[in-house]
Amino acid sequence: MRWLLLLWLLLVVPGWSEKPNLDQLLQQKRWSEAVPLLEAQDRLNNNDSGARLYYNLGLCYQHLNNLGRARVYYQAALRRNPWNSSLQSNLALLKAGLTEPEPDESWTQTATHCAPPAVLAASMLIFSWSACGLAWMYRMRPRERWLWGGLGCFILAVISTCLWFAARLAPLQAVVQPETAFLMNGPGGEFTQSLNVHAGNLVEVVREQGDWAEVEALGKLRAWIRRDELMLVP
Amino acid sequence: MVRRLFSILILLTLVAWAQGVEWVAALSTTRCNVGEQVMLELRLSGASSDPLEPRVPDIAGISMEFAGASKNVSMINGVTSSQSTYTYVLTPTQQGSLTVPPISISVDGHTYTSEPLKLQVGVSSGQTSPGPPPPGFPPGQSPWGGPQDQLPVTPASPEAQPVLVECEVSNTHPYVGELVVYTFRFLHRVQLVGGVNFEPPPPTGLLREDLGQSQSQVTRNGVAYAQSEVRTAFFPTSPGPLTIAPTRLSCQVAPDFLDRNFTMVGDGVREMATQPIELQVLPLPTEGRPPSFNGAVGRNFELKASLSKTEIKAGEPVKLQVSISGDEHPDLLLDPALPAWPGVRSYSSDASALPYEKPNFRATKTFKIPLVPQQAGQFQLSDLSWSYFDPSARRYVTLTASPMVLKVEGGPQATASHSTSPSAPVDPLRGPQPGVDASQGWALESGIALLSVLPWGLSLALLVLGHAHYQYEMSLQTDRARLRRIERQVARAKTLEELSHLAYQGLEIRKGMALKGLPLLRLREILSGEMVDQLEAAEAARYSPEGDSDPKKMDSFRQLLLRELRAGDLK
């Protein structure tokens, strides 16, 4: 019995020493140690984590000067919570440091991440149900306030629905990982070379063919790039 | 003795004059600078036989090269005359007043001598005194460049040539990256047939930009020419000898038989090419090279720097715009090196070049450099300098931009910066966000969209059902439907009173009028006698002690009533 107790103590006691948790690592700016924990947590969530986790991952990689991965996670966080001012600021600094500057995003691209998806979904539901209810009330007893209220809710429901669809149907995005990647005019090394893109540049994936992916980069330039030079935005 | 010699001379001149032999020497210009080329033309006309080559003596202070000879034979009114021209290129090597001595030629056993010619040689531009060559230049070669005229490939006196090509460069000894203007001229004094095929020299070892074309009228030795001039800017990219290949041109001249100097060669197609031009590209001196120099060579550069904003918040980026203008190729204008401004971090720049100006090449290149101040406060951005090499002065020149002031407002960082040293760097990135938030993947599920559409779907369904029900209700109110209902009720009726009640209802629908309460006589007019009797019997049976459920009476009443209800069409 004594031996069993000793064995148990030997196995468990080392774990009693307090491992620094993730928040402590981030506060102590131990970025390289925090990255594996964050990525493990993301895998547990089936690569569908919250905005805060992706923001912290992006911040870690930005401090580690890995622009490609930092941009991937910042974009993932942006999709989930575009109202995060820290995210906006850090992403602006990252874009300023890109080797190949990108054109400003169009209004259609801005629409895809103008509000968190949860807010869009909630507003879509609320305004839709409210508009319907007010319409029924107006039918039962015509009152002007119910008419205008119903119309207002209907318009807001339409807007929310459009933005929701924009977020839902946003194109698949990816970020260039290597320092310099070559865009080709076809899916193969035998094709002529187009422009170069650099680590951290955001592209939209149009389709994939074998080891190559057709992308839209640097303002509507369509070309092909090796699939392993991209990392998809979760 | 003197008289005898004078007589002989006169006799010889007379004989020569009688024979029409003329031996003339002429310079293209009587004033030039050291290193510039001057054409010496020796023309023999009127000789009946081919002359021997003239004996040209060496001239002190002038290097001479034979450029070519030509002969022009013409026959007019049966009289044949010929003209031979010998052309030399003279390059004075020292300043002063130089003399081309008389040159002799032997024709038909006679010797003819030209007159001596004076040439005034001055100092070339950019040179205060003919001092030592610049360091690194091979000895024994002339270091001074200057305008040089190249002869056309087709030698002859200009007035005999209907078309001419020539080229020149502004400098045969440029420095690496220095602008060299290559000028090609095409002169013609006759009409041309069709277009002109022009093949410029390939820019091997050079950066090249076009400076445009111009047309003008010029006069050469009293003959008017139409001149087309093409100017090209070349920038040598490496030191050492460099050859600008010939420029080739082909055209077709139209015949002009009225021109006594015109000679038709073949079908009038002329293919011409200039001589290749040898450049000796000099390396940039290393002595005195400033740290901010990165390869630009030229004259009259301008440096301007400005900030996109002068007041920002801590952590916000600001763009520093640096513009450099000068006669250097934009590809050779590289990023300016920023000084180490404490507390400001710079990133890679974005460069753009404006279209260069013509005809005198001048390019402007702008660099946009993102800056991120790392702390709050007021920053004095000074000592932004950029250097270039001036080939005229043969020295490096450093330009310094005007100082710029940047005010950075900060929140918490501003107070922290007061307590720490001003140079303590502050991370411009925002901090981490502890904790974990929930995934929002559910919000983009299709079910959410269905849920939001659900009330409208339900509403639509309710409206459709309600309308259907209404239609159904309305359908139940027709006379035919009511009669059918009454017929079914008649079949199920159990008393004579009930049958009587149903009879009135059904017959009212049939007749389209109210029947209940009408007097008996009126009823007999509307209804059949049998029906009225049955109604009376049913009314009486209500008060009869046997009751009003007699099956026999009920059957007969029922049969009659059904017959009456089913008879005829409805109104």
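Refer to the preceding data block for the structure.
Keep in mind that what you see is a predicted model, and the values were worked out from it rather than measured.

A. Representation of the packing of helix H8 (residues 117-140) of chain A against helix H3 (residues 446-476) of chain B. Packing of H8 of chain A against H3 of chain B leaves a shortest axis separation of 7 Å and a crossing angle of 15 degrees. As far as their axial angle goes, H3 of chain B and H8 of chain A are roughly parallel. Here H8 of chain A runs over H3 of chain B; the crossing is left-handed. Between H8 of chain A and H3 of chain B, the contacting residues are Ala121, Met124, Leu125, Ser128, Trp129, Ala131, Cys132, Trp136 and Arg139 of chain A on the first element and Ile448, Ala449, Leu451, Ser452, Leu454, Pro455, Trp456, Ser459, Leu462 and Leu463 of chain B on the second. The residue makeup of the contact of H8 of chain A with H3 of chain B, split by class, is 15 nonpolar, 3 polar and 1 charged.

B. Layout of the interface of chain A and chain B. At the interface, 42 residues of chain A touch 35 residues of chain B. For the pair chain A and chain B, the summed buried surface comes to about 3600 Å²; carbon and sulfur atoms form 62% of the total. Ranking the residues of chain A by area buried against chain B places Arg52, Leu93 and Trp129 of chain A at the top, with a combined share of 17%. Counting every contact that joins chain A to chain B gives 0 salt bridges. For the interface between chain A and chain B, the tally reads 18 residue pairs in polar contact (both at pLDDT 80 or more). Put simply, the parts of the chain that give the side of chain A that touches chain B at least two residues each are helix H2 (22-27), helix H3 (31-44), helix H4 (51-63), helix H6 (85-96), H8 and helix H9 (144-168) of chain A. By residue number, the principal contributor to the side of chain A that touches chain B is H8 of chain A, which donates 11 residues. Considered class by class, the residues forming the side of chain A that touches chain B number 22 nonpolar, 14 polar and 6 charged.

C. Here's a closer look at the packing of aromatic side chains. The final tally for this structure, using the stated rule, is 16 aromatic pairs over all chains. A centroid spacing of 5.7 Å and a plane angle of 75 degrees characterise the contact between Phe154 of chain A and Trp456 of chain B, whose relative ring orientation is edge-to-face. Here Phe154 of chain A is found in helix H9, whereas its partner Trp456 of chain B is found in helix H3 on a different chain. Residue classification places Phe154 of chain A among the partly exposed residues on the basis of a relative accessible area of 39%. For the ring pair Phe184 of chain B and Phe198 of chain B, a centre distance of 5.2 Å and an interplane angle of 45 degrees mean the geometry is tilted.

D. Fine view of H3 of chain A. All names here are of chain A. Its 14 residues give H3 an end-to-end C-alpha distance of 20 Å, which sits within 8% of 20 Å, the value for a rise of 1.5 Å per residue. Taken together, the buried positions of H3 are occupied by Trp31, Ala34, Val35, Leu38, Glu39 and Asp42. Viewed end-on, H3 has its buried residues packed into an arc of 135 degrees, placing them on one side of the element. Opposite its buried face, H3 presents the exposed residues Arg43 and Leu44, each directed more than 90 degrees away. On its buried face, H3 is in contact with H2, H4 and helix H5 (67-80). Phi turns positive, to about 60 degrees, at Asn46, one or two residues after H3.

E. Representation of the sheet that holds strand S29 (residues 395-400) of chain B in the model. All names here are of chain B. In spatial order, the strands read S20-S28-S29; together these 3 strands make up an open sheet with mixed pairing. Of all strands in the sheet, those bounded by a partner on one side alone are strand S20 (293-297) and S29. The average undirected angle you get between the axes of adjacent strands in this sheet is 35 degrees. By the bridge criterion, 6 bridges tie strand S28 (residues 385-390) to S29 in an arrangement that is antiparallel. Bridge assignment links Tyr388 to a residue of S29, and that residue is Val397.

F. Seen up close, the packing of helix H7 (residues 529-542) of chain B against helix H8 (residues 551-566) of chain B. Residue and element names in this part refer to chain B. Two elements in contact, H7 and H8, have axes separated by 10 Å at closest approach and are oriented at 140 degrees. Between H7 and H8, the crossing angle belongs to the class labelled oblique. The crossing of H7 and H8 is left-handed. Facing H7, whose interface residues are Glu530, Met531, Gln534, Leu535 and Ala538, H8 presents Lys553, Ser556, Phe557, Leu560, Leu561, Arg563 and Glu564. Among the residues making up the contact of H7 with H8, the classes are represented as 6 nonpolar, 2 polar and 4 charged.

G. Up close: a nonpolar patch on the surface. A cluster of nonpolar side chains, Phe154, Ile155, Leu156, Val158 and Ile159 of chain A together with Val453 and Trp456 of chain B, forms an exposed patch at the surface whose accessible area comes to about 590 Å². Looking at the nonpolar patch, the elements that each hand over two or more residues are H9 of chain A together with H3 of chain B. Judged by relative accessible area, which is 37%, Val158 of chain A ranks as partly exposed.

H. Seen up close, the pattern of salt bridges. Residue and element names in this part refer to chain B. The final tally for this structure, using the stated rule, is 23 salt bridges over all chains. The partner of Arg185 in a salt bridge is Glu168, and the shortest N-O contact between them spans 3.0 Å. Of the two residues, Arg185 is situated in strand S12 (residues 180-188) and Glu168 in strand S11 (residues 163-169); the sequence distance between them amounts to 17 residues. Looking at Glu168, the relative accessible area reads 18%, which means it is buried. Arg299 is the partner of Glu178 in a salt bridge, and the nearest nitrogen-oxygen pair spans 2.9 Å. A residue pair is termed long-range when its members are at least 10 positions apart, and Glu178 in the loop between S11 and S12 and Arg299 in the loop between S20 and strand S21 (302-307) qualify at 121 residues. The partly exposed category is assigned to Arg299, whose relative accessible area is 27%. Via salt bridges that share partners, Glu166, Glu168, Arg185, Arg220 and Glu229 belong to a single interconnected network.

I. Highlighting the nonpolar core. Ranked by size, the top nonpolar core spans 33 residues in total, and within it Tyr54, Leu57, Cys60, Tyr73 and Tyr74 of chain A carry the most contacts. When contributions to this core are tallied by element, the ones reaching two or more residues are H2, H3, H4, H5 and H6 of chain A. Shared between two domains, this core holds at least three residues of each, these being domain 1 (19-97) and domain 3 (173-232) of chain A. In this structure Tyr74 of chain A touches Tyr54, Tyr55, Gly58, Leu59, Gln62, Leu87, Asn90, Leu91 and Leu94 of chain A, once residues within four positions along its chain are discounted. Counting 28 residues, the second largest nonpolar core, distinct from the first, contains Leu333, Ile369, Leu384 and Leu406 of chain B.

J. Examining a positive patch on the surface more closely. Taken together, the side chains of Arg480, Arg484, Arg485, Arg488, Arg492 and Lys494 of chain B define a basic patch exposed on the protein surface. Relative to the elements of secondary structure, Lys494 of chain B occurs in the loop between helix H4 (479-492) and helix H5 (496-511).

Here is what the cut-offs are and how they apply
Residues numbered from 1 in each chain as written. Chains lettered and ligands numbered in written order. Predicted model: local features only at pLDDT ≥ 70, side-chain atom pairs only at ≥ 80, totals over all residues. Heavy atoms only, no water. Axes fitted to C-alpha atoms, helices over the stretch in contact; angles between N-to-C directions. Helix = DSSP H or I, 4+ residues; strand = E, 2+ residues; numbered from the N terminus. Parallel < 35°, antiparallel > 145°, perpendicular 65-115°, else oblique. Left-handed = near helix turned anticlockwise from the far one by under 90°. Contact = heavy atoms within 4.5 Å. Nonpolar A, V, L, I, M, F, W, Y, C, P; charged D, E, K, R; others polar. Buried area = accessible area lost by both parts, 1.4 Å probe. Salt bridge = Lys/Arg side-chain N within 4 Å of Asp/Glu carboxyl O. Polar contact = N/O pair within 3.5 Å; in protein donor to acceptor, adjacent residues only side chain to side chain. Phe/Tyr/Trp six-rings, centres within 6.5 Å; stacked < 30°, edge-to-face > 60°. Buried < 20%, exposed > 50% of the residue type's maximum accessible area, 1.4 Å probe, protein only. Expected span 1.5 Å × (residues − 1). Arc of directions from axis to C-beta. Pairing = 2+ DSSP bridges. Patch = residues over 30% accessible without salt bridge, like charges linked within 9 Å, V, L, I, M, F, W, Y side chains within 5 Å. Areas by Shrake-Rupley, 256 points an atom, 1.4 Å probe, with all protein chains shown as cover. Core = buried A, V, L, I, M, F, W, Y, C linked by side-chain atoms within 4.5 Å. Domains from an automatic or database assignment. Lys, Arg positive; Asp, Glu negative; His and termini not counted. Charge placed at Lys NZ, Arg CZ, Asp CG, Glu CD.

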